[in-house]
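Fold and geometry: a report
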Amino acid sequence: MKIGATILLVAALVGCSALQPYATFPRNARPGEDTSLTRVAICYDTFVSSLDQVQAAAQQECAADTVATYSS
């Protein structure tokens, strides 16, 4: 059981750095934020992926007539 937990922990810690940017589950809107906006979330590591790659991955998740923008 201890080995399985260790493998899971390592996988969680390296998850975003092992791959190119990929879509994941977006966070919910915070109080006061526009809830009508479509939200996307991209998992990435700045040591592996450029911000242009992250932007491109985000844009692929958006509708054709919209532009993905960064929000923290």
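Residues numbered from 1 in each chain as written. Predicted model: local features only at pLDDT ≥ 70, side-chain atom pairs only at ≥ 80, totals over all residues. Heavy atoms only, no water.

**Things to note about the pattern of salt bridges**
Here is the rule we go by: By definition, a salt bridge exists where a carboxyl oxygen of Asp or Glu is found within 4 Å of a side-chain nitrogen of Lys or Arg. The buried label goes to any residue with under 20% of its type's maximum accessible area, the exposed label to any with over 50%, and the partly exposed label to all in between, with areas taken from a 1.4 Å probe on protein chains only.
Evaluated as defined, the whole model comprises two salt bridges. Residue glutamate 33 pairs with arginine 27 through a salt bridge whose shortest N-O separation is 3.0 Å. Of the residues examined, glutamate 33 reaches a relative accessible area of 25% and is grouped as partly exposed. A salt bridge links glutamate 33 to arginine 39; the shortest N-O distance between them is 3.4 Å.

**Points about the side chain of aspartate 45**
Keep this limit in mind: Secondary structure elements follow DSSP: runs of H or I of four or more residues count as helices, runs of E of two or more count as strands, with numbering from the N terminus. By the counting rule applied here, Lys and Arg register as positive and Asp and Glu as negative, while His and the ends of each chain are not counted. Polar contact is defined as a pair of N or O atoms within 3.5 Å, subject to the rule that within protein one atom must be able to donate a hydrogen and the other to accept it, and that residues adjacent in sequence are counted only when both atoms are side-chain atoms.
By secondary structure assignment, the location of aspartate 45 is in the loop between strand S2 (41-43) and helix H2 (51-61). One buried charged residue, aspartate 45, remains without a salt bridge, the closest side chain of opposite sign being arginine 27 at 19 Å. One polar contact links the side chain of aspartate 45 to the main-chain amide nitrogen of phenylalanine 47, over a distance of 2.8 Å.

**Digging into the environment of leucine 19**
Rules: By the convention used here, residues are in contact when the closest approach between their heavy atoms is within 4.5 Å.
If you trace the backbone, leucine 19 turns up in the loop between helix H1 (2-14) and strand S1 (22-24). Taking relative accessible area as the criterion, leucine 19 reaches 46% and is therefore assigned partly exposed. Sequence-wise, leucine 19 and valine 48 are 29 residues apart; in three dimensions their C-alpha atoms are separated by 7.9 Å. Ignoring any residue separated from it by four or fewer positions in sequence, one finds leucine 19 in contact with Val48 and Ser49.

**Looking at the layout of surface pockets**
Under the convention used in this document: Put simply, the grid is 1 Å and covers the protein atoms alone, a cavity is a trapped set of points that fit a 1.4 Å probe, a pocket is an open set with protein on both sides within 12 Å along at least five of seven lines, and lining residues have an atom within 4 Å of a point. Grid points are joined across faces, edges and corners, and a volume is the space filled by probe spheres set on the points.
In this model, the largest pocket occupies a volume close to 780 Å³. Contributing to the lining of the largest pocket are 22 residues, with Val40, Ala68, Thr69, Tyr70 and Ser71 lying nearest its centre. Secondary structure elements with two or more residues in the lining of the largest pocket: S2 and H2. The dominant element in the lining of the largest pocket, judged by the number of residues it contributes, is H2, at four residues.

**Concerning H2**
For clarity, the cut-off: It is the directions from the helix axis to the C-beta atoms whose arc is reported.
Turning to H2, its buried residues are Val54, Ala57 and Ala58. Taken down its axis, H2 places every buried residue within 100° of arc, on the same side. Seen from the open side of H2, the exposed residues pointing more than 90 degrees away from its buried face are Asp52 and Gln60. Considering only its buried residues, H2 is in contact with S2.

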